[in-house]
Amino acid sequence: MATGHTDPHRRARILAAALDLIAEEGVAGVSHRKIAVRAGVPLGSMTYHFTGIDGLLLEAFTGYADHIVTVFEHHLAPATTPDEAREAVTDLIHTLAEGPRRDLILTQELYTLAARHEPYRALCAHWMARSRTLLEHHFPPRTARQLDALIEGLTLHRALDDTPPDRTLTRDAVARVTAVS
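The structure presented is a predicted model; accordingly, all values stated were derived computationally and were not measured. (Residues numbered from 1 in each chain as written. Predicted model: local features only at pLDDT ≥ 70, side-chain atom pairs only at ≥ 80, totals over all residues. Heavy atoms only, no water.)

### Section: the overall build of the protein
What the protein contains, in helices and strands, is 9 helices and 0 strands. Across the protein, helices and strands are ordered from the amino to the carboxyl terminus as α-α-α-α-α-α-α-α-α. Over its C-alpha atoms, taken along the principal directions, the protein stretches across nearly 60 × 35 × 30 Å. Within the protein, the proportion of its 181 residues that are buried is 41%. The average position of the 19 basic charges and that of the 23 acidic charges among the side chains of the protein differ by 5 Å. (Helix = DSSP H or I, 4+ residues; strand = E, 2+ residues; numbered from the N terminus. Buried < 20%, exposed > 50% of the residue type's maximum accessible area, 1.4 Å probe, protein only. Lys, Arg positive; Asp, Glu negative; His and termini not counted. Charge placed at Lys NZ, Arg CZ, Asp CG, Glu CD.)

### Observations concerning empty space enclosed by the protein
Tallying each qualifying case throughout the model produces 1 cavity of 30 Å³ or more. Put simply, the largest cavity is a space of about 160 Å³. Surrounding the largest cavity, 13 residues form its lining, Tyr64, Leu96, Thr107, Glu152 and Thr155 being those nearest its centre. Of all the elements in the fold, those that place two or more residues in the lining of the largest cavity are helix 4 (53–76), helix 6 (101–116) and helix 8 (141–160). Across the lining of the largest cavity, the residue classes break down as 8 nonpolar, 3 polar and 2 charged. (1 Å grid on protein atoms, 1.4 Å probe; cavity = no way out; pocket = protein on both sides within 12 Å on 5 of 7 lines; lining within 4 Å. Points joined across faces, edges and corners; volume = space filled by probe spheres on them. Nonpolar A, V, L, I, M, F, W, Y, C, P; charged D, E, K, R; others polar.)

### A short note on the nonpolar core
With 51 residues, the main nonpolar core has Ile14, Ile22, Ile35, Phe61, Phe72, Val89 and Leu135 as its most contacted residues. Taken together, the elements giving at least two residues each to this core come down to helix 1 (10–25), helix 2 (32–39), helix 4, helix 5 (82–98), helix 6, helix 7 (118–136), helix 8 and helix 9 (167–178). Element by element, the count of residues in this core is highest for helix 4, at 11 residues. Dropping the residues within four chain positions of it, Ile35 is found in contact with Ile14, Ala17, Ala18, Leu21, Val30, Met46, Ile53 and Leu56. (Core = buried A, V, L, I, M, F, W, Y, C linked by side-chain atoms within 4.5 Å. Contact = heavy atoms within 4.5 Å.)

### Comments concerning the packing of helix 8 against helix 9
Two numbers describe a pair of packed helices, the interaxial angle and the distance between the axes. Axis separation between helix 8 and helix 9 bottoms out at 10 Å; the angle between their running directions is 160°. Taken together, the axes of helix 8 and helix 9 are roughly antiparallel relative to one another. Of the two elements, helix 8 crosses helix 9, and the hand of that crossing is right-handed. Seen from helix 8, the contacting residues are Thr143, Gln146, Leu147, Leu150, Leu154 and Arg158; seen from helix 9, they are Leu169, Thr170, Ala173, Val174, Val177 and Thr178. Split by residue class, the contact of helix 8 with helix 9 holds 7 nonpolar, 4 polar and 1 charged. (Axes fitted to C-alpha atoms, helices over the stretch in contact; angles between N-to-C directions. Parallel < 35°, antiparallel > 145°, perpendicular 65-115°, else oblique. Left-handed = near helix turned anticlockwise from the far one by under 90°.)

### Here we look at the pattern of salt bridges
Counting across every chain of the model gives 13 salt bridges. Among the salt bridges present, the one from Glu59 reaches Arg11, with a minimum N-O distance of 2.5 Å. With Glu59 in helix 4 and Arg11 in helix 1, the pair connects residues that are 48 residues apart, well separated along the chain. Classification of Glu59 as partly exposed rests on a relative accessible area of 30%. The exposure class assigned to Arg11 is partly exposed, which follows from its relative accessible area of 30%. (Salt bridge = Lys/Arg side-chain N within 4 Å of Asp/Glu carboxyl O.)

See the structure below:
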């Protein structure tokens, strides 16, 4: 196995392995040993790169949240009109719901940690603030907050429904939330 000096991607591999393991076994199934085996690194690399399992998990989930914010940016940035923004939100919901099951599991695992542990709650709050900021480029702040909740809810419902509703229902929900009152 390569040493840390000749393996500049070791840390990234460890973080990716941690997320893969969480998606397969849940946070409860994660250990330094399992992550090291999955990443193909010596067990000593775990303590070299991370102070503990909590630090590793927090960094892995931070990277995951950054990934989801990038998905938001990808969908919302090109929109230049309110109608384009509404369609972008509809596309975003379907992309997230129809994406890898791994992402749905990672999101739920993160929310469970956030319900119990402050650092993860702070991470989720930061993630939501970033999502809302992107939505606020197109909608007023109160509407952006409502849309953010709608995105989370519809994504989860669509992902878990054996026969998810089509885009018409999503488009209608987005239109209702963003309607000028």
